[in-house]
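A structural walkthrough
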There are 2 protein chains.
Amino acid sequence: MITYSFTNLGSDSLYIHLYKCIKNDILQEVLHAGEKLPSKRSLAKNLNISVITVENAYAQLIAEGYVYSIAKKGYFVADIKTITQKREPVLSAENVQLSSGKSNYFADFTSNQTSSAHFPFSIWAKLTRELLTNNQPELLTNPPCGGILPLREAIAGHLKAFRNMTVSPEQIIIGAGTEYLYGLLLQLLGFEKHYGVEDPGYHKISQIYESHCVSCRFVSMDTYGVKISDLEKQNVDVLHISPSHHFPTGIVMPISRRYELLGWAAKSEGRYIIEDDYDSEYRLNGQPIPTLQSIDIQEKVIYINTFTKTLASTVRISYMVLPKHLVNTFYSKLYFYSCTVSNFEQYTLAHFISEGYFEKHINRMRNYYHGKRDHLLHAIKNSPLAAYATISEEDAGLHFLLTLKMNLPDEEFLQKLEQSGIKLSSLSQYYRVPPEDVNHIFIMNYSFVSEETMEKAIELIYRALF
Amino acid sequence: MITYSFTNLGSDSLYIHLYKCIKNDILQEVLHAGEKLPSKRSLAKNLNISVITVENAYAQLIAEGYVYSIAKKGYFVADIKTITQKREPVLSAENVQLSSGKSNYFADFTSNQTSSAHFPFSIWAKLTRELLTNNQPELLTNPPCGGILPLREAIAGHLKAFRNMTVSPEQIIIGAGTEYLYGLLLQLLGFEKHYGVEDPGYHKISQIYESHCVSCRFVSMDTYGVKISDLEKQNVDVLHISPSHHFPTGIVMPISRRYELLGWAAKSEGRYIIEDDYDSEYRLNGQPIPTLQSIDIQEKVIYINTFTKTLASTVRISYMVLPKHLVNTFYSKLYFYSCTVSNFEQYTLAHFISEGYFEKHINRMRNYYHGKRDHLLHAIKNSPLAAYATISEEDAGLHFLLTLKMNLPDEEFLQKLEQSGIKLSSLSQYYRVPPEDVNHIFIMNYSFVSEETMEKAIELIYRALF
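Since the model is a prediction, treat every value here as computed from it, not as a measurement.

**Thoughts on the overall build of chain A**
The helix and strand tally for chain A stands at 16 helices and 16 strands. Over its C-alpha trace chain A gives a radius of gyration of 31 Å, far above what one expects of a compact globule, namely 23 Å for 466 residues. Each of the three principal axes of chain A carries a C-alpha extent, and together these read 95 × 55 × 50 Å. Residues counted as buried form 59% of the 466 residues belonging to chain A. Of the contacts formed within chain A by residues at least 6 apart in sequence, a portion of 70% connects residues at least 24 apart. When the accessible area of chain A is evaluated, it comes to approximately 19100 Å², of which 50% is carbon and sulfur surface. Looking at charge distribution, chain A has the averaged site of its 44 positive side-chain charges lying 6 Å from that of its 49 negative ones.

**Comments concerning the packing of helix α6 (residues 149-163) of chain A against helix α13 (residues 343-354) of chain A**
Residues and elements named next belong to chain A. Running from N to C, α6 and α13 point in directions that differ by 35°, and their axes come no closer than 8 Å. As α6 runs across α13, the sense of the crossing is left-handed. Contact residues: α6 offers P150, L151, A154, I155 and H158, while α13 offers Q346, Y347, L349, A350, I353 and S354. A breakdown of the residues in the contact of α6 with α13 according to their chemical character gives 8 nonpolar, 3 polar and no charged.

**Here's the deal with the pairing of strand β11 (residues 318-321) of chain A**
All names here are of chain A. Judged by which residues are buried, β11 turns out to be covered on both faces: S318 and M320 on one side and Y319 and V321 on the other are all buried. Strand direction decides the pairing type here: strand β4 (residues 172-175) and β11, joined by 4 bridges, are antiparallel. Looking at β11, one finds that I173 is bridged to M320. Here strand β10 (residues 301-306) runs beside β11; their pairing, made up of 4 bridges, is antiparallel. Looking across to β11, one finds that Y303 is bridged to V321.

**With respect to the packing of helix α13 (residues 343-354) of chain B against helix α14 (residues 357-381) of chain B**
Residues and elements named next belong to chain B. The geometry of α13 relative to α14 is characterised by a closest axis approach of 4 Å and an angle of 75° between their N-to-C directions. Between α13 and α14, the interaxial angle falls into the category roughly perpendicular. Note on element contacts: α14 touches α13 through Y357, F358 and H361, opposite H351, F352 and I353. Across the contact of α13 with α14, the residue classes tally to 4 nonpolar, 2 polar and no charged.

**Structural notes on the side chain of S280 of chain B**
Residue and element names in this part refer to chain B. Among the structural elements, S280 can be located in the loop between β10 (272-276) and α11 (292-295). Judged by its relative accessible area of 8%, S280 falls in the buried class. Side chain to side chain, S280 and R163 meet in a polar contact 3.4 Å long. Excluding residues within four positions of it along the chain, S280 makes contact with R163, S244, Y303 and N305.

**Details of the packing of aromatic side chains**
Using the criterion set out here, one finds 54 aromatic pairs over all chains in the structure. Here F330 of chain A and Y331 of chain A contribute two aromatic rings whose centre-to-centre distance is 5.2 Å and whose plane-to-plane angle is 80°, an arrangement assigned as edge-to-face. One exposure class covers both F330 of chain A and Y331 of chain A, and it is buried. Among the aromatic residues, those joined into a cluster by ring pairs are F119, F121, W124, Y303, F307, Y319, F352, Y357 and F358 of chain A together with F344 of chain B. Sitting above the plane of the Y272 of chain A ring, K300 of chain A keeps its charged end 5.0 Å from the centroid.

**Overview of the side chain of H17 of chain B**
Summarising the element assignment, H17 of chain B is placed in helix α1 (residues 14-27). H17 of chain B has contacts with S5, F6, N8, L9 and D12 of chain B, leaving out every residue within four places of it along the chain.

**Comments concerning the sheet that holds strand β1 (residues 36-37) of chain B**
Residue and element names in this part refer to chain B. In spatial order, the strands read β1-β3-β2; together these 3 strands make up an open sheet with antiparallel pairing. Unpaired on one side and paired on the other, β1 and β2 (67-70) mark the two borders of the sheet. Across the sheet, helix α3 (residues 51-63) lies against β1, β2 and β3 (74-77), angled at about 105° from β2, the strand it touches most.

**Concerning the sheet that holds strand β8 (residues 238-241) of chain A**
Residues and elements named next belong to chain A. Read from one edge to the other, the open sheet built from 8 strands follows the order β4-β11-β10-β9-β8-β5-β6-β7, with strand pairing classed as mixed. Sheet topology places β4 and β7 (225-226) at the edges, where each strand pairs with a single neighbour. Where β8 meets strand β9 (residues 272-276), 4 bridges bridge the pair, whose relative direction is parallel. Paired with H240 across the two strands is I274, which belongs to β9. Across the sheet, helix α7 (residues 178-189) touches β4, β5 (194-199), β8, β9, β10 and β11, and the angle it forms with β10 is around 160°. The sheet strands contacting helix α8 (residues 203-211) are β5, β6 (215-222), β8 and β9, and the helix crosses β6 at an angle near 155°.

**Structural notes on the environment of L349 of chain B**
Residues and elements named next belong to chain B. For L349, the position within the fold is in helix α13. Residue classification places L349 among the buried residues on the basis of a relative accessible area of 0%. Counting along the chain gives 221 residues from L349 to T128, while the straight-line C-alpha distance between them is 9.4 Å. With residues up to four places along the chain from it excluded, the contact list for L349 reads W124, L151, F307, L311 and I317.

**Here's the deal with the pattern of salt bridges**
All names here are of chain B. Scanning all chains against the criterion turns up 24 salt bridges over all chains. The partner of R163 in a salt bridge is D277, and the shortest N-O contact between them spans 2.8 Å. Separated by 114 residues along the polypeptide, R163 in helix α6 (residues 149-163) and D277 in the loop between β10 and α11 bring together distant segments of the chain. Of the two residues, R163 and D277, neither departs from the other in class, the shared state being buried. Across the salt bridge formed by R257 and E260, the nearest N and O atoms sit 3.1 Å from each other.

**As for the pairing of β9 of chain A**
All names here are of chain A. Judged by how many residues are buried, β9 sits mostly within the fold: 5 of 5 residues are covered. By the alternation rule, side chains of β9 split into Y272, I274 and D276 and I273 and E275, which are all buried. One crossover worth recording links β8 to the parallel β9 by way of helix α10 (residues 255-266), and it is right-handed. In this sheet, β10 lies alongside β9 in parallel orientation, the contact comprising 4 bridges. Opposite I274, over in β10, you have I302 as the bridge partner.

**What to know about the environment of K36 of chain A**
Residue and element names in this part refer to chain A. On the secondary structure map, K36 appears in the loop between α1 (14-27) and α2 (40-47). It is 9.5 Å that separates the C-alpha atoms of K36 and V67, two residues lying 31 residues apart in sequence. Of the polar contacts made by the side chain of K36, one reaches the backbone oxygen of K73; its length is 3.3 Å.

**Concerning α6 of chain A**
Residues and elements named next belong to chain A. Here α6 contains 15 residues, and its C-alpha end-to-end distance of 20 Å stays within 8% of the 21 Å for a straight helix at 1.5 Å per residue. Restricting attention to buried positions, one finds in α6 the residues L151, R152, A154, I155, A156, H158, L159 and R163. Its buried side turned inward, α6 meets β4, β10, β11, α12 (324-334), α13 and α14 (357-381).

Conventions adopted
- Residues numbered from 1 in each chain as written.
- Chains lettered and ligands numbered in written order.
- Predicted model: local features only at pLDDT ≥ 70, side-chain atom pairs only at ≥ 80, totals over all residues.
- Heavy atoms only, no water.
- Helix = DSSP H or I, 4+ residues; strand = E, 2+ residues; numbered from the N terminus.
- Rg over C-alpha atoms; globule rule 2.2 N^0.38 Å.
- Buried < 20%, exposed > 50% of the residue type's maximum accessible area, 1.4 Å probe, protein only.
- Contact = heavy atoms within 4.5 Å.
- Areas by Shrake-Rupley, 256 points an atom, 1.4 Å probe, with all protein chains shown as cover.
- Lys, Arg positive; Asp, Glu negative; His and termini not counted.
- Charge placed at Lys NZ, Arg CZ, Asp CG, Glu CD.
- Axes fitted to C-alpha atoms, helices over the stretch in contact; angles between N-to-C directions.
- Left-handed = near helix turned anticlockwise from the far one by under 90°.
- Nonpolar A, V, L, I, M, F, W, Y, C, P; charged D, E, K, R; others polar.
- Pairing = 2+ DSSP bridges.
- Parallel < 35°, antiparallel > 145°, perpendicular 65-115°, else oblique.
- Polar contact = N/O pair within 3.5 Å; in protein donor to acceptor, adjacent residues only side chain to side chain.
- Phe/Tyr/Trp six-rings, centres within 6.5 Å; stacked < 30°, edge-to-face > 60°.
- Lys NZ or Arg CZ within 6 Å of the ring centre and 35° of its normal.
- Salt bridge = Lys/Arg side-chain N within 4 Å of Asp/Glu carboxyl O.
- Right-handed = clockwise from strand over helix to strand, strands pointing away.
- Expected span 1.5 Å × (residues − 1).

In structure tokens:
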């Protein structure tokens, strides 16, 4: 009968030790497929251990498939087809991002990160503490897939107050970032559709469509936004745009083009417009522009916005507003999804908005960015760079365009800047095929550049010109 | 010249009032397309307001496209093509889930929700408070798309300790729920592949694949798990399985079938196995079964697990472990995605695990569920139902099977139960085409049923038999 020593147990319990011994004998083929194992009672007696110990070891071996039992006959060794496997060379994970997004630049005009000095930590902590104390059952109750009702109500209230949009809470779908919502929309509207994106535009949007293997059309723009003629020519079904503040050109789409686009969408049943209103809260001069959603009476516009710009890029909460008829489609097709944002943060944000903190926060941040922008404009104006610089589209959102009179190719200029610690991007980088007349135009995204470094940064930009 | 009254301003500022008046005249076609507007100076004089006020109103009208300016010529009314749009009948949002997932059943044997009595609220609150006080910059620093390093290190440590898996942090990708990770995997492995799911199986998995318009193959099972022959027959490329505890049958895949599957995967370069280890922490008897991932030396297994089962279904944090060569592919193809879990919760969970609270929590929960299961088994044993009942697969995870001797069709039986406040599902519901011999088998998921209601629930089940 099989016999094992119990002297070197290490930290194992008796049954684990016995299980390992038998398993090892099976793997080493000391015990052969089909071989009968001793009964629990006799093995226990032989090893001078309890029957329970043998029973537990056998149970584990059975659970893992090394042993099988036949009623009234006993325990047998299973047939383990050991497949001869060769270890392939392991690829090294070279491009793998493990470190976090800390910027090593002296001034980074490309980052969307928010500074921790401005996040309302103490209020967030207070609201979190209250929730964890007072709302435990709600926090653990599964929300509908569109998100918790209080947050959707708070967002509807915010949209009414800030964007003059009349939206009912059931039209709102909460998700962990707009990128996630784009994926949901593909499932809602169909993978067979042609999706149109702005050219130039925010790369990530086309990357997401292409990564989902859907047809992505790059729609050219004039000074009012995407060209209707190109939409028709390229058979676009769903158009993804940022009419309130186009990235990177900064274009604010005029009302006439908005109506033209709604007219384009109305011509065919399957056409929709995704209105990405990503930084409208930060319009610095004048009133916010009315959204396409608010003048759409044909239910053609899906409105998307995010709290990653207004609160923090690391708090992943975004939402979309579906036209009413799509709300039904959404719940009949995609009801099985769980909401991707945790209840804890949904409730915290709901209170943050409904108790008025969000409005205060936006006002504070708008003033802060206003100051930043003015500081940067002032720094440019008072530097020798001014003689070479033209500023445009500086009233909306958190970036403007800087056109420079210069002889260097953009590429070389940006490399020089990178060497002196300045990260900047050029308008031409955002085109599929950059036209010739967009040379020497740069995007000044000032949200993550501190005021203290601006003068020096502008000086470095000036010096790189020559 | 245009003239407006400034007597009824309401809460509007002067410039907003002027902007509204002019906009209204344009929309009403009192002012016509192409018409020249008065100069800022002359309009200001005429209305007895400041030039700045007119300037602001004009700027807003220009920004919204109602007015355009020509350098040195002045301001003109834009051509607004008003599209005659008819309001379509608005569909009512009938099926829309607005209320949260509160269960109205006396006993719900289908819910995966966790009870708030067992969530470690005070520790979670303590960790959150510490983070919000001491780690503000980290909380607002963009993480790599795979998630923050401390959480990935904590998970790697947990997998080593609990599942004997040797995994480096860079292989781990954090996401807002396994459903989201399935979508990422489609983008990583390809939409053109054939995805195989278990039949019977957890509906949501096939729903997600079908919702992404990929080919989904339903692979039949024997008592050891999916049949290799059916994988070959159906040309499956990527197989999605739960070998540690199959839902709903409860099958624990034996080691022989595991090796056979690895052998199947090794035969072709594009083949992969997604190992969904959703509730392995709750194995109640014996040691946990070794994962496929831990015996895979060919880099064919993608391991997925979630904290929604162990912590709370409303905390959306899951992760996957990629084979090393796929880590490179992931970062070169999908680097542009932001991690979908907020930093705040990633850091809280990282501390929760690394400070030992998670291990304690799992042990506590395992005991709690162990007690619950035993209570339910005891309740069945001591009820007249016992004479009609057979229990199977009760050792792993949070559900077992109850086979009943009965004459009623399953459908009718479940309806009767529903009327008496018991929600139960039958095994046959999880098949594509239910075979005849899976009648009268029910899934007893006891995680959300309180011990106090169990005796009564079993009595109601017994009564519904006749």
